[in-house]
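Okay, here's what each chain looks like letter by letter:
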Amino acid sequence: MINIKGLEKVYDTGKIKVNALKGVDIHIKEGEFVAIMGPSGSGKSTLMNILGCLDKPTAGEYTLDGTGVSTLSESDLAHLRNRKIGFVFQSFNLIPRTSSVKNVELPMIYAGFKKAHMKSRAQELLQKVGLGDRMDHLPNELSGGQRQRVAIARSLANDPAIILADEPTGNLDTKSGDEIMELFKELNGEGKTIILVTHEDEIADHCKRVIRFRDGQIVQDVVLEKKVK
Ligand code: ADP
Ligand code: MG
């Protein structure tokens, strides 16, 4: 599903060049549940932005579901992103003063869904993440864990094959973080491919595979043993 080879990213601000990714190779199959770990500044978010078609690599190959991403135009890149990828961020990134339902509807507009179906689909997704009784609440009327649930419902709006989550539990207490991970596990069980960045071993333990970065390179890539319950 995801194939990257020799991926490099150089940020050139004019004054200084930062080599954020230095020859990264990753193969991720459909249905995987991957944690990306590593110190601050090691290139994790840079990788997520490229995987999510928000940014392009400076060099190397990225193939997403058979499409060569590195050579796409901006509009084809956006088209691919709007149809294949769901995003979840550390700071939730919900639209303020806008209800849960409206927040979840938003990506459906870009994915070209029929207007008549949008509201009922958003309501179903909010039900699914356990917020059936919070449809009309505004973000500032919700707890952190609930806001992240709205963000996860929103990430599902375009029925993406892949969910990318950059430190989704970073702003949450342990209990809410664990609940969010249970939700991701459930979605993975339904076939979604999930790739998430985390600093915490306890969060990574929920995943099936851990890829560790240091200084723009992969230093470890391991499949976690299934725990015997
Ligand atoms: P992480 O998510 O692992 O903390 P990032 O991918 O955000 O790391 O950053 C990797 C490196 O690239 C850092 O040295 C960071 O300062 C640099 N960087 C990230 N984004 C930009 C940008 N837009 N412009 C210039 N440098 C950047
Ligand atoms: Mg980051």
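For the structure itself, consult the block above.
All values derive from a computational prediction rather than experimental measurement.

Basis of the calculations
- Residues numbered from 1 in each chain as written.
- Chains lettered and ligands numbered in written order.
- Predicted model: local features only at pLDDT ≥ 70, side-chain atom pairs only at ≥ 80, totals over all residues.
- Near = placed C-beta within 6 Å.
- Helix = DSSP H or I, 4+ residues; strand = E, 2+ residues; numbered from the N terminus.
- Pairing = 2+ DSSP bridges.
- Buried ≥ 20, exposed ≤ 12 C-beta atoms within 10 Å, placed from the backbone.
- Right-handed = clockwise from strand over helix to strand, strands pointing away.

### Here's the deal with the site of ligand 1
What surrounds ligand 1 is the set Y11, T13, V18, A20, G38, S40, G41, S42, G43, K44, S45 and T46. Elements with a contribution of two residues or more to the shell around ligand 1: β2 (17–28) and α1 (44–51). Counting residues per element, the shell around ligand 1 draws most heavily on α1, which supplies three residues.

### Describing the sheet that holds strand β1 (residues 2–12)
Taken in spatial order, the four strands make up an open sheet running β2-β1-β4-β5, and their pairing is antiparallel. Two strands in the sheet have a free side with no partner beyond their single neighbour: β2 and β5 (67–68). Strand direction decides the pairing type here: strand β4 (residues 59–64) and β5, joined by two bridges, are antiparallel. Its bridge partner lying in β5, L64 is registered against T67.

### A short note on the environment of D205
Mapped onto the secondary structure, D205 falls in the loop between α7 (201–204) and β9 (209–214). For the pair formed by D205 and L72, sequence separation is 133 residues and the distance between their alpha carbons is 35 Å.

### What to know about unusual backbone geometry
For residues besides glycine, phi is generally negative; the peptide bonds are generally trans as well. One non-glycine residue with positive phi stands out, namely D159, at about 50°. With respect to the helices and strands, D159 occurs in the loop between α5 (144–156) and β7 (162–166). With 15 C-beta atoms packed within 10 Å, D159 lands in the partly exposed category. Positioned with a positive phi, E167 is a non-glycine residue whose angle comes to about 50°. Relative to the helices and strands, E167 is located in the loop between β7 and α6 (174–189).

### As for the pairing of strand β8 (residues 193–197)
Within β8, five of the five residues are buried, leaving the element largely enclosed by the surrounding structure. In β8, alternate side chains face the same way, and those of T193, I195 and V197 on one face and I194 and L196 on the other are all buried. Across four bridges, strand β3 (residues 33–37) lies against β8 in parallel orientation. Bridged to I36 within β8 is V197. Two strands pair when backbone bridges link them, and β7 and β8 are joined in this way by five bridges, in the parallel orientation. Bridge assignment links A165 to a residue of β8, and that residue is L196. Each parallel crossover has a hand, and for β7 linked through α6 to β8 it is right-handed.

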